[in-house]
Amino acid sequence: MLLYTLKRLLQGIVTVWFIATATFIAMHAVPGDPLANERATTESIRRNLEERYGLDRPVTEQYFVFLGNMLRGDFGISFTQENRRVNDIILENFPVSATLGILAVAFAAFGGVLWGALTAIYRNRLPDLIITFLVILGISVPSFVVAALGQLVLVDINAWLGYSLLPVAGWGSIRHMIVPSMVLGLGTMAYLTRLMRSSMLEITSSDFIRTARAKGLPPTRIFLKHQLRNAILPVVTVLGPAIAAITTGGFVVELVFAIPGLGRSFVQSVQQLDYTVIMGTTVFYGAFLVFMVIVVDLLYGLIDPRVRLE
Amino acid sequence: MSVVERFAPADFEPALIERRVQALSRPSLSYWQDAVRRLRGNWRATASLGVVIGLVAFALAGPWLWRVDPSVQDLDQLSLGPALPSTARIVEPSVPWAGVTTEPTQSGVAVTNLRLAAPATTQTVRLVWEPVIDAAGYAIYRNIYDPGSERTLGLPIGDVLGANRASYEDQLDLDPRRYWYSVVAVDANLAEQTEYTTLAVDAVRAVSPEEAVARGWAQNAAALGVGDTITLPFHPLGTDYLGRDMLARLMYGARVSLFIGVVAPVLFVLIGIVYGSIAGFVGGRLDQMLMRFAEFVIALPFLLFMILFKIAFGIGPGESGVIPMLVALVILGWPATARLVRGQILQIRQEGYVSASQLLGARTGYLIFRHMIPNTLGVILVTLTFAVPSAIFTEAFLSFIGMGVAPPTPSWGSMANEGVRTMLSHPHELIFPAVFISVAVLAFNLLGDGLRDALDVRMRGRE
Amino acid sequence: MTGSPVLDAPAVLDVADLHVEFDTYGGVVQAVRGASFSVHAGKTLAIVGESGCGKSVSVQSIMGLIPMPPGRITRGTALLDGVDIIRQKIVNGQDVRGNRVGMIFQDPMSALNPTMRVGDQIAETLQVHRGYSKRKAFDRAVEVLTLTNIPEAEKRARQYPFAFSGGMLQRAMIAIAIACEPAVLIADEPTTALDVTIQAQILDLLKALQARNGMAIVLITHDLGVVARMADEVAVMYAGEIVEKGSVDDVFYRAAHPYTLGLKAAMPSSTTSKSEGLRPIEGTPPDLFAPPTGCGYFARCPHAMRLCGPSHPFRFDVDPGHEALCWLHHPDAPATAPELHRRGQA
């Protein structure tokens, strides 16, 4: 197990290196000189940047400077916001996005397992049909539409109630977190529901469930200890990439609900062509996702004993 | 035993062999025949197929049938909801109106008999009333809602001094809708009375012949007579905030969204097939290296790199930004298919029927075409069908955050983006593109589901 | 008809006139068309037949393991201690499944929960049916595991199924089935997926456990070698019906049905010379969507008579405790098929 963990971590580091390199290449493929953007830089920033990044030196040298900085955890300073270190920007905004993402994933996971199991149990009966219909809507309606509509509905509810039940935008308290994380998690929840359903159906017709029935076990016990426990495995596998999808999808929710997260700052930095922030955020996000997937894989090993001895 | 009576000695003679053969009652089905049968039986999938074909027809044939330029702005009908064609009446160019003065004969605090002196048009509304003795003047208000009892009179549009003033003309440019005009008497101290009189007025669109020609609604001013009605450009689904026809934009947007949504997956699936097959066949170190590279590409945070690529390729003025997005999607999408195909090939290689075929003397080419490809085809088809809604989604998403196709090129996503801003007042601008995106994504998803169920080998012969 | 008159004790499990059918896309399949069999304490009944003859469906339907829909038991009773367990799941205040009747299946590799320890899976039955505590149930589970001749039972009980070999998994399954000391053990092709050497071990194990517990065993198999080794009574099944039933000696040495004769002839033996070749039974089993009104074996029987096609044969008593479903036992039938044993012959 330990060896497996080390191996995965090593792979992860190499992957992050690849991401950083790809980002570097992409950024330097941009036509034009980033510093030529007069609007963005003042003289002092310009001098700082040239010095720091050797922007007048050949590209290969710049690459190693870049890597060196990255290894030290230094993402540099912002192009457009004077004297703001990219690290600070990330540290300030990331926790917000992370909280949003974690809540959304939790919401999606719980919901997905619950609804998926229900549709499998009540297969082809009314609960199944209703939930399946909602699920299909959930995966078809674009997330940004859901976000916009969600906000609209909230405004209406608040107006109808006469007071603000839940804040419509902004961030700061638990009450702020509820609606955005629900909206963000909805699409993934729909997907997980379908996954759970097919997994449950497959498990239900499997041999060991037949054995469990032949043992005369009560249905609840069969459901919890035999069906659920095995059916949940594919869902956990998917959880890693799902976290990835949710954190990147967070952009839209952050924009619509005016949440000061990393996604929103990334979009803004893109619109303003703030290159250091763009690069720093990309590499940071990339690294974060890589390690999230590793964590989830290790978690999977805890649940499925077959993986442990690999 | 009564048995003895029932049988004759002839019954015990040996039965003829021909009579004993019993025909099979179930016809044998090939893999593809079975798949087609199951697909046809799945109503959701067939309905989705119909929808997909309909959307493609909408995109391709639509602009031929509805020949309206999606970038032309109809400034007179901004943010119009779906409606029947509007009309305008031809009137004389407006002449100044002297107004009406009447000596007040009644006392009281509010005017009476508030009415129109002439039919109300968008060019001018002429109000007349019975004045009151005690007034020093009158203030006139206009509102788009009924003031009701709360006294929300609305916009003050003017006042007249003098008790005998009995008329007012509103020449501010009006919309063709209902307005509520209120007249309030003003006393000597110029304070307004609490009571007021209200009249609901429906302003009808009216233009002079010259204006009609200027706005492109008619060709020849001389041919238009006063009192004629001309029809404005028809927008069955309304217009957006810049006055562009929604239906045309949706059709052209369909072209963009479906083009990207279908072409990108086809391309990256093709690349993935080639890449994955090579890796799967050759195996060994080459396989390891190829797959390692593919995994790296998969590890790149998708959305971030989509955006990066878009910036990197740059969008020059006048370009639509479609090709860069297509390229970016392909670059980021191929590894997933490659992995899938490689996995399938590895799995099939180990199957018993491949070894059996080899034992019977089959050559590599035969194995590939007769055994491996048909078994991979199912997975590939399903991947393709699911990749399309994902690509449509991504394009819509990127366009929504402004990282997609450049304006004025329409795409469903960018239309949705613009629609969000006017969501509360003109929801149709958001609803139409959102519905189209949802329907397209839904249809492809259901079709993919149906294909997967139909092609799944394990479900063969089992329901 | 119950067992041979030699045994005076009533049968532990008595199945009478069982009919099971399924709804499928092609219509209704009559999987079991009137099967009757019984088994006594301490004895083994083997149900033999080829794939698709309905033997698994029979026992699984009695145990309630067939999904209903699309399956249906349209007729028949299965009496355990006098109570019909098709309609009632509790006999004398005790659960039937897992408690009074245990069952083991064909493929042990997939028959156990991969995410649960083997010992816990055995202990489960004890917790549910006997109300044992977790601790006590686990200890008892280890005991039962030892009974099945698994070495280092304590250590094995804490392991997961993937660490077991096929033979060991089957032993574990047997442990699960007998943990509550059932009156009947149903073994559905328990050795089909195992090596021949392991087969022998498992069968011996079953016999030893039977001697110990006095339980009745219903053994489903298509392998006549297994039947010869294990069975006291044999029921031969074909196309959803029991075509011959009797003691193992009766069926093997005094076969009274052409199908049984065909099965025996098809078995290769060490004395078959190369030039003789194998002797399969020609043809295929009948389509059970539209089951034949007459004898199910009519299309393939080398001794078929005219009436065999349209008329369904009666159940004839060939000898005491030995019956066959074949018109050749009709008093008016000609004496064709000399290898067929008839009433009164030696």
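Rules of the game
- Along each chain, residues carry numbers from 1 onward, in the same order as the chain's sequence is written.
- Chain labels run from A onward and ligand labels from 1 onward, assigned in the order the entries are written.
- With the structure being a predicted model, the display of local features is reserved for residues of pLDDT at least 70 and the display and counting of side-chain atom pairs for 80 or more, all residues being used for whole-chain, interface and lining totals.
- Where helices and strands are cited, they refer to DSSP runs of H or I of at least four residues and of E of at least two residues respectively, numbered from the N terminus.
- Here the globule rule is a power law, 2.2 Å times the number of residues to the power 0.38, and the radius of gyration is based on C-alpha atoms.
- Residues with at least 20 neighbouring C-beta atoms inside 10 Å of their own are called buried, those with 12 or fewer are called exposed, and the rest are partly exposed, where every C-beta is derived from the backbone.
- Note on contacts: residues are paired as contacts if their backbone-placed C-beta atoms lie within 7 Å.
- Fitted lines through C-alpha atoms give the axes, limited to the stretch in contact for helices. The angle between two N-to-C directions lies from 0 to 180 degrees.
- The labels follow the angle: roughly parallel below 35 degrees, roughly antiparallel above 145, roughly perpendicular from 65 to 115, and oblique for the rest.
- Crossing handedness is read from the near helix: turned anticlockwise from the far helix by less than a right angle, it gives a left-handed crossing, and turned clockwise, a right-handed one.
- For this scheme, ten residues count as nonpolar: Ala, Val, Leu, Ile, Met, Phe, Trp, Tyr, Cys and Pro. Four count as charged, namely Asp, Glu, Lys and Arg, and the remainder, Gly too, count as polar.
- Paired strands, as defined in this entry, are two strands with at least two bridges between them according to DSSP.
- Here, a nonpolar core means buried Ala, Val, Leu, Ile, Met, Phe, Trp, Tyr and Cys residues linked by C-beta atoms lying within 7 Å of one another.
- pLDDT runs from 0 to 100 and stands for how confident the predictor is about each residue.

**Q** Just to check I follow, could you spell out the overall build of chain C for this structure?
**A** Regarding its fold elements, chain C presents nine helices and 14 strands. Radius of gyration (C-alpha) of chain C: 21 Å, near the 20 Å computed for a compact globule of 346 residues. Seen through its C-alpha atoms, chain C measures out along the principal axes to roughly 70 × 50 × 45 Å. Taken across its 346 residues, chain C has 50% of its residues classed as buried. At a minimum sequence separation of 6, the contacts of chain C that also span at least 24 residues come to 63%.

**Q** It is not clear to me how the overall build of chain B should be interpreted in this structure. Could you clarify?
**A** Helix and strand content of chain B: 13 helices and 10 strands. Taken against the 2.2 N^0.38 rule, which gives 23 Å for 463 residues, the C-alpha radius of gyration of chain B at 37 Å runs more than 25% over that of a compact globule. C-alpha extents for chain B along the principal axes are approximately 125 × 85 × 50 Å. Each of the 463 residues in chain B was classed as buried or not, and the buried ones make up 35%. If you take every contact in chain B between residues at least 6 apart in sequence, the share linking residues at least 24 apart comes to 73%.

**Q** Please explain the packing of helix H5 (residues 126-140) of chain A against helix H7 (residues 174-204) of chain A as it appears in this structure.
**A** Two quantities define a packed helix pair, namely the angle between the axes and the distance from one axis to the other. Residue and element names in this part refer to chain A. Relative to each other, H5 and H7 sit at 130°, their axes nearing to 8 Å. In this view, H5 runs oblique relative to H7, as classed from their interaxial angle. Crossing geometry of H5 relative to H7 is assigned as left-handed. Taken together, the residues of H7 that come into contact with H5 (itself represented by Ile131, Val135, Gly138 and Ile139) are Leu186, Gly187, Met189, Ala190, Tyr191, Thr193 and Arg194. Tallied by class, residues from the contact of H5 with H7 come to seven nonpolar, three polar and one charged.

**Q** Please explain the interface of chain B and chain A as it appears in this structure.
**A** Accessible area lost upon the coming together of the parts serves often as the stated size of an interface. Tallying the contact residues gives 31 residues for chain B and 31 residues for chain A. Elements with a contribution of two residues or more to the side of chain B that touches chain A: helix H7 (284-299), helix H8 (302-313), helix H11 (364-400), helix H12 (412-421) and helix H13 (428-455) of chain B. Here the side of chain B that touches chain A takes eight residues from H8 of chain B, the largest share from any one element. When its residues are assigned to classes, the side of chain B that touches chain A shows 27 nonpolar, four polar and no charged.

**Q** What's the story with the sheet that holds strand E3 (residues 44-48) of chain C in this structure? I'm lost.
**A** For sheets, the rule is that strands pair by backbone hydrogen bonds, running either parallel or antiparallel. Residues and elements named next belong to chain C. Taken together, eight strands build an open sheet; the order of strands is E8-E9-E10-E3-E11-E12-E14-E13 and the sheet is mixed. For this open sheet the edge positions go to strand E8 (101-104) and strand E13 (316-319), each flanked by a neighbour on one side alone. Strand-to-strand twist of the sheet, defined as the mean angle between neighbouring strand axes without regard to direction, takes the value 20°. Pairing geometry for E3 and strand E11 (residues 233-238), over four bridges, is parallel. Among the inter-strand pairings, Ile47 is bridged to a residue of E11, identified as Ala235.

**Q** Would you explain the sheet that holds strand E10 (residues 229-231) of chain B in this entry?
**A** Reading across from one edge, E9-E1-E10 (chain B) is the order of the three strands in this open sheet, with mixed pairing throughout. Each end of this open sheet is capped by a strand with a single partner; those strands are strand E9 (206-207) and E10 of chain B.

**Q** Can you help me understand the pairing of E13 of chain C in this one?
**A** The two faces of a sheet get side chains in turn, since along a regular strand they alternate between them. Residues and elements named next belong to chain C. Sheet topology places E13 next to strand E14 (residues 322-324); three bridges connect them, and they run antiparallel. Across the sheet, residue Asp319 finds its bridge partner in E14, namely His322. The loop that links E13 with its antiparallel partner E14 comprises two residues; one of these, Gly321, has a positive phi angle of about 80°.

**Q** What is the right way to read the interface of chain C and chain A from this model?
**A** Of the residues lining the interface, 24 residues belong to chain C; the matching set on chain A comes to 18 residues. Considering every element that reaches the side of chain C that touches chain A, the biggest residue donor is helix H2 (residues 118-130) of chain C, with four residues. Residues that form the side of chain C that touches chain A fall into these classes: 13 nonpolar, seven polar and four charged.

**Q** Teacher, can you tell me more about the pairing of strand E6 (residues 167-170) of chain B here?
**A** All names here are of chain B. A one-sided burial pattern is seen for E6, the buried positions being Tyr168 and Asp170 and the unburied ones Ser167 and Glu169. Relative to E6, strand E3 (residues 125-130) is paired through four bridges, and the arrangement is antiparallel. Bridge pairing links Arg126 to Glu169 in E6.

**Q** What's the story with the nonpolar core in this structure? I'm lost.
**A** Soluble, globular proteins show a tendency: their nonpolar side chains are buried together. Within the largest apolar cluster, 262 residues are counted, with the highest numbers of intra-cluster contacts made by Ala416 of chain B together with Ala141, Leu145, Val184, Val218, Val236 and Met237 of chain C. Look past the residues within four positions of Val184 of chain C in its chain and what remains in contact with it is Val12, Leu13, Val39, Val101, Met215, Ala216 and Val218 of chain C. Core analysis: the second largest hydrophobic core is formed by 24 residues, Ala139, Ala166, Tyr168 and Ala185 of chain B among them.

**Q** Sorry if this is basic, but what is going on with the environment of Ala406 of chain B here?
**A** Its place among the elements puts Ala406 of chain B in the loop between H11 and H12. Residue classification places Ala406 of chain B among the partly exposed residues on the basis of 18 C-beta atoms within 10 Å.

**Q** How do you make sense of the environment of Gly240 of chain A when you look at a structure like this?
**A** All names here are of chain A. Mapped onto the secondary structure, Gly240 falls in helix H9 (residues 219-256). On a C-alpha basis, the gap between Gly240 and Val290 in space is 8.9 Å, while along the polypeptide they are 50 residues apart. In contact with Gly240, not counting residues within four places along its chain, are Met292, Val293, Val296 and Asp297.

**Q** Looking at this structure, I do not really get the confidence of the model for chain C. What am I missing?
**A** On average, residues of chain C score 87 in pLDDT, and 97% of them reach the 70 mark or higher. Here the predicted complex carries an ipTM of 0.84, next to a pTM of 0.74.

**Q** Even after reading the chapter, I still don't get unusual backbone geometry, so can you show me in this structure?
**A** The phi angle of most residues is negative, glycine excepted, and most peptide bonds adopt the trans form. All names here are of chain C. For Asp81, which is not glycine, the phi dihedral falls at a positive 50°. Within the element layout of this structure, Asp81 appears in the loop between strand E4 (71-80) and strand E5 (83-84). With 16 C-beta atoms counted inside 10 Å, the residue Asp81 sits in the partly exposed group.

**Q** Hey, could you run me through the packing of H11 of chain B against H12 of chain B in this one?
**A** Residue and element names in this part refer to chain B. Look at H11 against H12: their axes get within 7 Å of each other, and the N-to-C directions meet at 40°. The orientation of H11 with respect to H12, classified from their angle, is oblique. Both H11 and H12 take part in a crossing whose hand is right-handed. On the side of H11, the interface is formed by Glu395, Ala396, Phe397, Leu398, Ser399 and Phe400, while H12 contributes Trp412, Gly413, Ser414, Ala416 and Asn417. Along the lines of polarity and charge, the residues of the contact of H11 with H12 split into six nonpolar, four polar and one charged.

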